[in-house]
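Breakdown of the fold
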Amino acid sequence: GAGVSQSPRYKVAKRGQDVALRCDPISGHVSLFWYQQALGQGPEFLTYFQNEAQLDKSGLPSDRFFAERPEGSVSTLKIQRTQQEDSAVYLCASSRTSGGYNEQFFGPGTRLTVL
Amino acid sequence: GENVEQHPSTLSVQEGDSAVIKCTYSDSASNYFPWYKQELGKRPQLIIDIRSNVGEKKDQRIAVTLNKTAKHFSLHITETQPEDSAVYFCAASNTDSSYKLIFGSGTRLLVRP
């Protein structure tokens, strides 16, 4: 079946612009995660959804970052007033249930470059 | 919070040799430890995982060991092949309180033909 998809794959923004990144999880997956991966580093947790509920947003670096999953499927990560330090690959992952021992399936990521 | 350290950052081996990557974690409550492989420009993919009630797990040429007392776990790849060349990430999670993965900084493995 289809895996996790993300769009756009690449995004270039001028500093100060707002951007919206989309994640389509595997159909039926309850849990959805957003991670930020800086160049040469491991992914860092941003936020977690169980269905439409955002249960953990402790990793969001500032109030410029906002995520939503209104119908418990597609999710959008929005970054307002982008800064150069926001440049990174943003990875979305989904897992089948809300249980802990479930593989997280990652999308291909959106590479954001802020000029 | 949890912190995961990973070593080495780069590893070069001859085809057919073994490769070992080591990780340590700080939170004794962590109970799930997956390993992901990420090829250049691609998504991370799970290659093996281990739960805290198990000391070792094998899957063909890949094995993972866990020492809960010392809070470290290792990935072992035997009979390495050029297609094993990639960046490998370890991760830890406390599934009782949160489902988020805390990743190490990655190991770039190069298998020389």
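The preceding data block contains the structure.
On a predicted model such as this, the values are computed, not experimentally measured, just so you know. (Residues numbered from 1 in each chain as written. Chains lettered and ligands numbered in written order. Predicted model: local features only at pLDDT ≥ 70, side-chain atom pairs only at ≥ 80, totals over all residues. Heavy atoms only, no water.)

Considerations on the side chain of Asn102(A)
Here Asn102(A) shows up in the loop between strand E9 (88–95) and strand E10 (105–106). Only 2.8 Å separates the side chain of Asn102(A) from the side chain of Thr97(A), close enough to count as a polar contact. In contact with Asn102(A), other than residues within four places in its own chain, are Ser95(A), Arg96(A), Thr97(A) and Tyr32(B). (Helix = DSSP H or I, 4+ residues; strand = E, 2+ residues; numbered from the N terminus. Polar contact = N/O pair within 3.5 Å; in protein donor to acceptor, adjacent residues only side chain to side chain. Contact = heavy atoms within 4.5 Å.)

Side note on the pairing of strand E8 (residues 72–77) of chain B
Residue and element names in this part refer to chain B. Note that strand E3 (residues 19–25) and E8 share 6 bridges and pair antiparallel. Within E8, the position partnered with Ile21 by the bridge is Leu75. Direction of pairing for strand E7 (residues 62–67) relative to E8: antiparallel, over a ladder of 6 bridges. Considered in E8, the bridge of Leu66 is made with Phe73. The antiparallel hairpin formed by E7 and E8 contains 4 residues in its connecting segment, where Lys71 sits at a positive phi of about 60°. (Pairing = 2+ DSSP bridges.)

Structural notes on unusual backbone geometry
Of the consecutive residues Ser7(A) and Pro8(A), the connecting peptide bond is found in the cis state with omega at -10°. Assignment of secondary structure puts Pro8(A) in the loop between strand E1 (5–7) and strand E2 (10–13). The peptide bond linking His7(B) to Pro8(B) adopts the cis configuration, its omega dihedral lying at -5°. Assignment of secondary structure puts Pro8(B) in the loop between strand E1 (4–7) and strand E2 (10–14). Phi angles above zero are rare outside glycine, and Asn51(A) is one such case at about 55°.

Some remarks on the interface of chain A and chain B
Taken together, the 25 residues of chain A in the interface contact 18 residues of chain B. Taking both sides of the interface into account, the surface hidden between chain A and chain B amounts to around 1,800 Å²; carbon and sulfur atoms contribute 56%. Our count for the contact surface shared by chain A and chain B stands at 0 salt bridges. Our count for the contact surface shared by chain A and chain B stands at 7 residue pairs in polar contact (both at pLDDT 80 or more). Counted by class, the side of chain A that touches chain B contains 10 nonpolar, 12 polar and 3 charged residues. (Buried area = accessible area lost by both parts, 1.4 Å probe. Salt bridge = Lys/Arg side-chain N within 4 Å of Asp/Glu carboxyl O. Nonpolar A, V, L, I, M, F, W, Y, C, P; charged D, E, K, R; others polar.)

Considerations on the pairing of strand E4 (residues 31–37) of chain A
All names here are of chain A. Counting buried residues in E4 gives 7 out of 7 residues, a clear majority hidden from the surface. Residues Ser31, Phe33, Tyr35 and Gln37 of E4 are buried on one face, and the alternating residues Leu32, Trp34 and Gln36, pointing to the opposite face, are buried as well. Sheet topology note: the E4/strand E5 (residues 44–50) ladder contains 6 bridges and is antiparallel. Residue pairing for E5: Phe33 is matched across the bridge by Tyr48. Joining the antiparallel neighbours E4 and E5 is a turn of 6 residues, in which Gly40 adopts a positive phi near 75°. Pairing geometry for E4 and E9, over 7 bridges, is antiparallel. Within E9, the position partnered with Trp34 by the bridge is Cys92. (Buried < 20%, exposed > 50% of the residue type's maximum accessible area, 1.4 Å probe, protein only.)

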